[in-house]
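Structure assessment
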Amino acid sequence: MNDHCGFCGNTLTSIDRMLGENKLSDGNVLCNTCLEKASSFNQELLYDLHRFSINDIKNILQNGTMAAGNDNTDHGLIQSEKFPAVPYTQTDLKSGDKSFYKKRLKEIEHQLKQVNASLSLFTRGEIKELPNILAADEPVLAITDAQFLKTVDAGILLVTPERMVSVSKAMFSLAKVHDFPNKTIRKVSFADHFMSPVIKIHTDEKTVEFECFYDKRDAEIFYGFIEKIYNKEKFQKEQDSVKAASAEIVFEQLEKLAHLRENGILTDEEFTLQKKKLLEKL
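Criteria and cut-off values
- Residues numbered from 1 in each chain as written.
- Predicted model: local features only at pLDDT ≥ 70, side-chain atom pairs only at ≥ 80, totals over all residues.
- Heavy atoms only, no water.
- Axes fitted to C-alpha atoms, helices over the stretch in contact; angles between N-to-C directions.
- Helix = DSSP H or I, 4+ residues; strand = E, 2+ residues; numbered from the N terminus.
- Left-handed = near helix turned anticlockwise from the far one by under 90°.
- Contact = heavy atoms within 4.5 Å.
- Nonpolar A, V, L, I, M, F, W, Y, C, P; charged D, E, K, R; others polar.
- Buried < 20%, exposed > 50% of the residue type's maximum accessible area, 1.4 Å probe, protein only.
- pLDDT = per-residue confidence, 0-100.
- Core = buried A, V, L, I, M, F, W, Y, C linked by side-chain atoms within 4.5 Å.
- Pairing = 2+ DSSP bridges.

**Re the packing of helix α6 (residues 98-114) against helix α7 (residues 124-133)**
- Relative to each other, α6 and α7 sit at 115°, their axes nearing to 9 Å. Considering the relative orientation of α6 and α7, their crossing is right-handed. On α7, the residues that touch Tyr 101, Arg 104, Leu 105, Ile 108 and Leu 112 of α6 are Ile 127, Lys 128, Leu 130, Pro 131 and Asn 132.
- Considering only residue class, the contact of α6 with α7 consists of 7 nonpolar, 1 polar and 2 charged.

And the structure:
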C-alpha cells in the first residue's frame, strides 16, 4: 500500500484516505491537495482518476495539459470539455445586480424548503453560488448532497426543468459546476450501499457517478424523483404491464358474473350493475 503522494511525496494523511485512495492507473496515489490542483486543469480527474498515470498528473500540474503523443490522449483536456467545470463567483455579478443576487438567493432558499431539502452544513458555499448558476426563472425541483465518486469536495446535485447540475467546492476554492442538459441524459441509475449509495447519470458520452454520504434516505428520495423524469421508457412499460394485468382481471370477473347470472344467482339488474362497476375500472 502506498503511504506517500506520487507527485509531491508527502505522507498521505487520514483525510487523504478517508474516502478511499486517489489511486492512479500505474498504482501511484495522490494526496487530496495534488488532486485538487490537477482537477482545476482537468475536471475528468474527479470522476475518472483511475485512467490517469502519475506522468499524466505531472504534465497536467506542470504544463496545464497532457503531454503530446501521450498514449492516454483519449482522456486528456479535450475530452474533459464534455463536462466542463465553470467557475462561478459572486464577483461575476455587476455591482448593480447585488440586490438581485440577494433576492434570487432568498427565492432559491425558499424553493429548497418547499422540496424538503436535507443538506449538510458543508454545502453552504455551494448554495450561495446557485444565484450565479441558475437562470432567474429556473426553479430547483429536487436536490441532495452528492459528490463525485472518490473525491473529498463537498457537493450538491440538483435537478431543474431543463437539466441536472452538480456543484462542488473545496475550502477556499472556486465552485466547480457541471451541467447535464436533459437532452444529453439517456437514463439514471442507483447503486445501493449501506453507507454511501451512488447515483449514476448516463449521458450520451459517458456515465458519471456521485456518492451520497450525508443522508442515504434523502439520496433514495432524490433518485426516486429523477428516475421518473429520466427513465420514462421504463416507467411506461411498467404502467402498460399493470394496465394489461388489470384488464385481464376485469374480464375474468365479467366471465364469473355471466356464469352467476346464467345459474340464476344474479338477476339481470344485479348483473348489469356489477358489470358497469367492473368496466369503469378499465
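Having seen the model, we can carry on.
**Some points on the environment of Asn 132**
- Tracing the sequence through the fold places Asn 132 in helix α7.
- Judged by relative accessible area, Asn 132 falls into the buried class, the value being 13%.
- Sequence separation between Asn 132 and Tyr 101 is 31 residues, and the spatial gap between their C-alpha atoms is 7.7 Å.

**Brief notes about the confidence of the model for the protein chain**
- A residue-level look at the protein chain finds 77% of positions with pLDDT of 70 or above and a mean pLDDT of 79.
- No element of the protein chain has a lower mean pLDDT than helix α5 (residues 77-80), at 29, and none a higher one than strand β3 (residues 142-145), at 96.
- This model gives residues 67-96 a pLDDT under 50, and the stretch forms 61 contacts once residues within four places in sequence are excluded.

**Regarding the nonpolar core**
- Ranked by internal contacts, the top residues of the largest apolar core, which has 19 residues, are Leu 157, Met 164, Phe 210, Phe 222 and Ile 226.
- Here this core takes 5 residues from helix α8 (residues 216-230), the largest share from any one element.
- Leave out the neighbours within four places in its chain, and Met 164 touches Leu 157, Leu 158, Val 159, His 178, Asp 179, Phe 180, Asn 182, Ile 185, Ile 201, Phe 222, Ile 226 and Tyr 230.
- The next biggest cluster of nonpolar side chains, apart from the first, holds 17 residues, and it includes Tyr 101, Leu 112, Ile 127 and Ile 143.

**Re the sheet that holds strand β10 (residues 207-211)**
- As summarised here, the arrangement of the 4 strands in space is β4-β10-β9-β8, forming an open sheet in which the pairing is antiparallel. Lying at the two open borders of the sheet, with one neighbouring strand each, are β4 (147-148) and β8 (185-191).
- Both β4 and β10 contribute to a ladder of 2 bridges, which runs antiparallel. Within β10, the residue paired with Phe 148 across the bridge is Phe 210.

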